[in-house]
Amino acid sequence: MKDAKKSPSPGQAASPSLDEMYSRHAMYTLATSEPNMSPMDHYVAFSLAIRNRVADRWVKTQDSYSRDNVRQVYYLSMEFLIGRVLAAYIQNLQMWDECKNLLENRDLRWEDIYRQEDDPGLGNGGLGRLAACFMDSMATMGLPCTGYGLHYDYGIFRQKIVNGCQVEEPDYWRRNSYPWEIKRADSDVQVMFGGHTEIIDEGGRKVWRWIPASSVRGVPYDIPVLGYGGKTVNTLRLWSAVSDNELDFSNFNRGSYMEAVQSKVYAETLTKVLYPNDNMAEGKELRLRQQYFFVACTLRDILRKHRRRAPQAGWDELFSKIFIQLNDTHPALVIPELMRILVDEENVDWDIAWRLTTSCVGYTNHTILPEALETWGLDLFHKVLPRHLEIIFEINRRFLDVVGALYPGDEDRLRRMSIIEETGGRKVRMANLALVGASKVNGVARIHSRILKEEIFRDFADIWPDKFTNMTNGITQRRWLLKTNPGLAALISRRIGDGWITNLEELRRLEDNMDDALLDEFGMVKRHCKEALADYIHETLHVTVNPDSIFDVQVKRMHEYKRQLLLVLYIIMLYNRLVRNPELDVHPRTFIVSGKAAPGYDMAKLVIRLIHRVAEHIDNNAQIRDRIKLVFLPDYRVSLAERIVPAANVSEQISLAGTEASGTGNMKLMLNGALTLGTMDGANVEILEEVGKDNIFIFGMRADEVRRRRKTYDPMEEYMGNPDIHQVIEAIRSNVFSRMEPGVFQPLVDNLLRSDYYMLLADLQDYADTQAKVERLYADSRQWNRKALLNVCRAGRFSSDRTIGEYAKEIWHLPPYEVD
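Remember, predicted model here, so these are calculated numbers, not experimental data.

**Description of the overall build of the chain**
Alright, step 1. Helix and strand content of the chain: 34 helices and 23 strands.
Alright, step 2. A globule of 820 residues ought to have a C-alpha radius of gyration of about 28 Å, and the chain, at 28 Å, matches this closely.
Alright, step 3. Surface summary for the chain: the accessible area is close to 32,500 Å², and the carbon and sulfur share equals 50%.
Alright, step 4. Where the 105 positive side-chain charges of the chain centre and where its 114 negative ones centre are 1 Å apart.

See the structure below:
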């Protein structure tokens, strides 16, 4: 799209061209001449030139928000998986033509510039990518918002595969600087930890005071979030921890050099990595400190802005100007921290402070698994946050008084609903704290929200039925179609125009144009994407895959409930069938898996190991290796997903029904023309409703069936009663895939045969039968392309624009704001 260039008004200097800004940054920012610039220099100068264009709108947006004192949403998330932003900013500014001219004039290649950018290590999986999509939608829709997170030095980790095993390495994504962030050292915040509390008398009134033992400073780094069209630019503010005392000179002068910097090292540990391993006491304490640091910095900043914009306003106006959305329980300490500030520092009456707090906070739940609901031991909590524990006790006491009055004598209900868990070691239940302290609680898919309301949090819904609502997740089409799949985006725009970029429901119009010519073009686009991914696989893994094979994709965080192992069991079953009958008519299939396992998650890491051993075993069979290929692409991240998603034919969404909250990978793959193979779980249910049962592959037990069957489920019955399943398990048990390391996969076998909590064996045969249906349909390329394109046409509901519109209307009460 061509740039719309406006003439400067009389007396106004013309803005420098992109070419001029590039040259200035080369000379005055990087202090180098263009002939001597390295590829990284070119990337930085190019990025800073683009950032200049963004900065004009960024400053104007933030000044307008302050001038008009608009109501804002503050979106708090421990993760923001924003991916590479250079191309996204150029796209949203609609500057591709101007950028191409600059590159051509200097004989530079876009690919050489683009590959210099690292994925920011600010997230791990769906939680962080959802937050990034939401920020994109809010800016595009003109909704005043600031995102808050942490400025991790090393992200979660960079995944390497060594001898088939996951090895974690630091992901130092900022090693070459990051041109999109601006450090705001003058907006730092002091954060306290530990110590004790005291009660003092002030004019006959008891006042609690927290006497902390230590403190650190939080320094913010701002990243602009540019909406499509470039009119609104919101802010993502990320906090970095630094020491109050970076160097102890007394220790240094005594020669105690390590002790001299101990405070600095201890403080900066808070934001070194995302989700430190909490399998040990030190890791648990670090995670709690990390979460409080995030919340304390953010709340101080929000309240500081509120006071600056309306210095005469009373606290009663707080709700009319701010709303804080908690993306899962990680930021739930907002509730006691806001109460502490209002009650202890601002002398607001408890009841008024509680009304203000609860009216300003919303909570998004992202998990159905009870074991994943966050808790903190009381001893640890008291050590790190003694005053906050007292406030939580008081919140809980008052809450249980209300519950007790409604349900007299129901001790079981009181025990279930208490913020403090009393059995198995006393703990603070962060989900219960969020449920009590939020004005609205939402799930992220219809089935998920129903399970929350009717099962997991039923006691709370009995008291507050109107507090619970659903906001089905979504993805931004600007990232996951316009940027990721330019060939498909161009094809769509040629047929129906580009209105879909900001209104994804427009894709429905494609159905009226679904002629043979469109299907042929769609097939060619998909083929091109598959060839590009095949080239990348060969370049990365030195493995050759066939673009004419079915690209069967499962890309997501490695976790037992996501059932990557179910896919592996099926691949072994298919391999066994081909060994028994080499003449079996099977279309070539390439299984593509990618995802990271948490460093302390041994079972998930063992599945990665099994994937590699099965892949090697298949590849060693000359008769079969061209018919089945299994590849694991390491270090899953946004830029890797952007390569995989457009090339997928089959989207594996195979979690056990009733365990996945929503999923967004299913939406990305659907939007790019992959057919979903999945269970009735998460957003799969709503995808089925949109596309119809003939355009999706559904298998497995339903959630209610899972609950009924679990009571008597014995995986040995599946193992003994099904010869194919028996042969698969025996192949793993008898070291077919581990001859050089016998017994290494025995924990997987034991898990499957003793408990099989995620019921893989119960669903395996139906899964295999459904895979056969995939095979039969793919043999008819015309029908396959028709169904795949229909999935694209009906993906409109799954835009994050729709999701954010619902949040803004039903929870945040936030109207769009037009920046001058």
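The discussion continues.
**As for the packing of helix α12 (residues 334–345) against helix α13 (residues 350–360)**
Alright, step 1. At their nearest, the axes of α12 and α13 sit 9 Å apart, and the two run at 140 degrees to each other. Judged by the inter-axis angle, α12 sits oblique to α13. For the pair α12 and α13, the sense of crossing is right-handed. Residues Ile335, Leu338, Met339, Leu342 and Val343 of α12 touch α13, and the partners they reach there are Trp350, Ala353, Trp354, Leu356 and Thr357.
Alright, step 2. When its residues are assigned to classes, the contact of α12 with α13 shows 9 nonpolar, 1 polar and no charged.

**Overview of the packing of aromatic side chains**
Aromatic rings considered in pairs are described by the distance between their centres and by the relative angle of their planes.
Alright, step 1. Across all of its chains, the model carries 24 aromatic pairs by this definition.
Alright, step 2. Relative to tryptophan 180, the ring of tyrosine 89 lies with its centre 4.9 Å away and its plane at 85 degrees, an arrangement referred to as edge-to-face. With a gap of 91 residues between them, tyrosine 89 in helix α3 (residues 86–93) and tryptophan 180 in the loop between β4 (165–169) and β5 (182–183) connect regions that are remote in the sequence.
Alright, step 3. Between the aromatic rings of tyrosine 807 and tryptophan 812, the centroid separation amounts to 5.0 Å while the plane-to-plane angle is 25 degrees, which identifies the pairing as stacked.
Alright, step 4. Judged by its relative accessible area of 0%, tyrosine 807 is buried.
Alright, step 5. On the basis of relative accessibility, which here comes to 0%, the residue tryptophan 812 falls in the buried class.
Alright, step 6. Through pairs of rings, three or more aromatic residues link up here, namely Tyr75, Phe80, Phe134, Tyr807 and Trp812.
Alright, step 7. In this arrangement the basic side chain of arginine 174 is found over the ring face of tryptophan 173, its NZ or CZ atom lying 6.0 Å from the centre.

**Section: helix α4 (residues 96–105)**
Alright, step 1. Residues Glu98, Cys99, Leu102 and Leu103 constitute the buried set of α4. Along the axis of α4, the buried positions cluster into a sector of 135 degrees, meaning they face one direction only. α4 presents Glu104 and Asn105 as exposed residues on the side facing more than 90 degrees away from its buried surface.
Alright, step 2. The secondary structure elements touched by the buried residues of α4 are α1 (18–29), α2 (39–68), α3 and α5 (110–114).
Alright, step 3. Positive backbone phi, approximately 55 degrees, marks aspartate 107, located one or two places after α4.

**Brief notes about the sheet that holds strand β14 (residues 420–421)**
Alright, step 1. Strands sit in the order β13-β15-β14 across an open sheet of 3 strands; the sheet is antiparallel. Across the chains shown, the open sheet's two edge strands, defined by having one partner strand only, are β13 (375–377) and β14.
Alright, step 2. Bridge count for β14 against strand β15 (residues 427–429) is 2 bridges, and the pairing is antiparallel. Across the sheet, glutamate 421 pairs through a bridge with lysine 427, a residue of β15.

**Quick look at the pattern of salt bridges**
Two side chains bearing opposite charge may form a pair once their charged atoms approach each other closely.
Alright, step 1. Summed over all chains, the structure comprises 82 salt bridges.
Alright, step 2. Across the pair aspartate 112 and arginine 109 runs a salt bridge, and its minimum N-O distance is 2.8 Å.
Alright, step 3. The salt bridge partner of glutamate 521 is arginine 495, with a shortest N-O separation of 3.9 Å. On the criterion of sequence distance, the pair formed by glutamate 521 in helix α22 (residues 516–541) and arginine 495 in helix α21 (residues 486–496) is long-range, its members being 26 residues apart.
Alright, step 4. Here the salt bridges do not stand alone but share partners, grouping Arg184, Asp222, Arg237, Asp301, Arg304 and Lys305 into one network.

**A short note on the nonpolar core**
Alright, step 1. Counting 143 residues, the largest nonpolar core has Phe46, Ile50, Phe293 and Trp812 as the members making the most contacts within it.
Alright, step 2. Looking at this core element by element, the count peaks at 11 residues for helix α10 (residues 281–309).
Alright, step 3. Leu81, Phe551, Leu569 and Ala657 belong to the second-largest nonpolar core, a separate cluster that totals 135 residues.

**Examining the confidence of the model for the chain**
Alright, step 1. In this model, the chain carries a mean pLDDT of 94, and residues with pLDDT of at least 70 account for 96%.
Alright, step 2. Between residues 1–7, whose pLDDT stays under 50, and residues either more than four places distant or in other chains, the model counts 13 contacts.

**Side note on the packing of helix α32 (residues 760–778) against helix α33 (residues 781–793)**
Alright, step 1. Viewed as axis vectors pointing N to C, α32 and α33 meet at an angle of 110 degrees, and their least axial separation amounts to 7 Å. Of the possible angle classes, the one that applies to α32 and α33 is roughly perpendicular. For the pair formed by α32 and α33, the contact residues are Val774, Leu777 and Tyr778 on the first element and Ser781, Gln783, Trp784 and Lys787 on the second.
Alright, step 2. Here the contact of α32 with α33 is built from residues that sort into 4 nonpolar, 2 polar and 1 charged.

**Brief notes about the sheet that holds strand β19 (residues 589–594)**
Alright, step 1. Taken together, the 6 strands give an open sheet; going across it, the order is β20-β19-β18-β21-β22-β23, and neighbouring strands pair in parallel fashion. The two strands at the open ends of the sheet, each matched to only one other strand, are β20 (628–632) and β23 (697–698).
Alright, step 2. As paired strands, strand β21 (residues 650–653) and strand β22 (residues 675–678) are joined by 4 bridges and run parallel to one another. Directly across from glutamine 653, in β22, lies its bridge partner glycine 678.
Alright, step 3. Against the sheet, α22 makes contact with β18 (550–555), β19 and β20, and its axis sits at roughly 65 degrees relative to β20, the strand it touches most.

**Some details on α32**
Residue pairs three or four apart in sequence face the same way in an α-helix, which turns once every 3.6 residues.
Alright, step 1. End to end, α32 covers 25 Å across 19 residues, agreeing with the expected 27 Å (1.5 Å per residue, within 8%).
Alright, step 2. The axis of α32 is deflected most strongly, by about 25 degrees, at aspartate 766.

**Brief notes about the pairing of strand β7 (residues 196–202)**
Alright, step 1. In this structure, β7 lies alongside strand β8 (residues 205–211), joined through 7 bridges in antiparallel fashion. When the bridges of β8 are listed, aspartate 201 appears paired with lysine 206.
Alright, step 2. Taken together, β7 and the strand that follows it, β8, pair antiparallel across an intervening segment of 2 residues, in which glycine 203 is found at a positive phi of about 60 degrees.

**Describing the environment of methionine 759**
Alright, step 1. Tracing the backbone shows methionine 759 in the loop between α31 (746–754) and α32.
Alright, step 2. You can call methionine 759 buried: its relative accessible area is 0%.
Alright, step 3. Taking the C-alpha atoms as reference, methionine 759 lies 7.2 Å from leucine 656; in sequence the two are 103 residues apart.
Alright, step 4. If we skip the residues at most four places from it in the chain, methionine 759 touches Arg563, Leu656, Met701, Val706, Arg709, Arg710 and Tyr713.

**Quick word on unusual backbone geometry**
Alright, step 1. The phi angle at alanine 31 is positive, at roughly 55 degrees, despite the residue not being glycine.
Alright, step 2. Looking at where alanine 31 falls in the secondary structure, it is placed in the loop between α1 and α2.
Alright, step 3. The exposure class assigned to alanine 31 is exposed, which follows from its relative accessible area of 65%.
Alright, step 4. Here the phi dihedral of methionine 759 falls at roughly 55 degrees; this positive angle occurs in a residue that is not glycine.

**A closer look at the side chain of asparagine 124**
Alright, step 1. Turning to its location among the elements, asparagine 124 is positioned in the loop between α5 and α6 (126–140).
Alright, step 2. For asparagine 124, a relative accessible area of 18% translates into the label buried.
Alright, step 3. Setting aside its immediate chain neighbours within four residues, asparagine 124 contacts Glu79, Leu81, Ile156, Leu274, Arg557 and Lys596.

**Examining the side chain of threonine 61**
Alright, step 1. By secondary structure assignment, the location of threonine 61 is in helix α2.
Alright, step 2. Polar side-chain contacts of threonine 61 include one of 2.7 Å to the backbone oxygen of arginine 57.
Alright, step 3. Non-local contacts of threonine 61, meaning those with residues more than four positions away in its chain, are made with Lys231, Thr232, Val233, Asn234 and Val819.

How each quantity is defined
- Residues numbered from 1 in each chain as written.
- Predicted model: local features only at pLDDT ≥ 70, side-chain atom pairs only at ≥ 80, totals over all residues.
- Heavy atoms only, no water.
- Helix = DSSP H or I, 4+ residues; strand = E, 2+ residues; numbered from the N terminus.
- Rg over C-alpha atoms; globule rule 2.2 N^0.38 Å.
- Areas by Shrake-Rupley, 256 points an atom, 1.4 Å probe, with all protein chains shown as cover.
- Lys, Arg positive; Asp, Glu negative; His and termini not counted.
- Charge placed at Lys NZ, Arg CZ, Asp CG, Glu CD.
- Axes fitted to C-alpha atoms, helices over the stretch in contact; angles between N-to-C directions.
- Parallel < 35°, antiparallel > 145°, perpendicular 65-115°, else oblique.
- Left-handed = near helix turned anticlockwise from the far one by under 90°.
- Contact = heavy atoms within 4.5 Å.
- Nonpolar A, V, L, I, M, F, W, Y, C, P; charged D, E, K, R; others polar.
- Phe/Tyr/Trp six-rings, centres within 6.5 Å; stacked < 30°, edge-to-face > 60°.
- Buried < 20%, exposed > 50% of the residue type's maximum accessible area, 1.4 Å probe, protein only.
- Lys NZ or Arg CZ within 6 Å of the ring centre and 35° of its normal.
- Arc of directions from axis to C-beta.
- Pairing = 2+ DSSP bridges.
- Salt bridge = Lys/Arg side-chain N within 4 Å of Asp/Glu carboxyl O.
- Core = buried A, V, L, I, M, F, W, Y, C linked by side-chain atoms within 4.5 Å.
- pLDDT = per-residue confidence, 0-100.
- Expected span 1.5 Å × (residues − 1).
- Bend = angle between axes of the 7 residues up to and from the residue.
- Polar contact = N/O pair within 3.5 Å; in protein donor to acceptor, adjacent residues only side chain to side chain.

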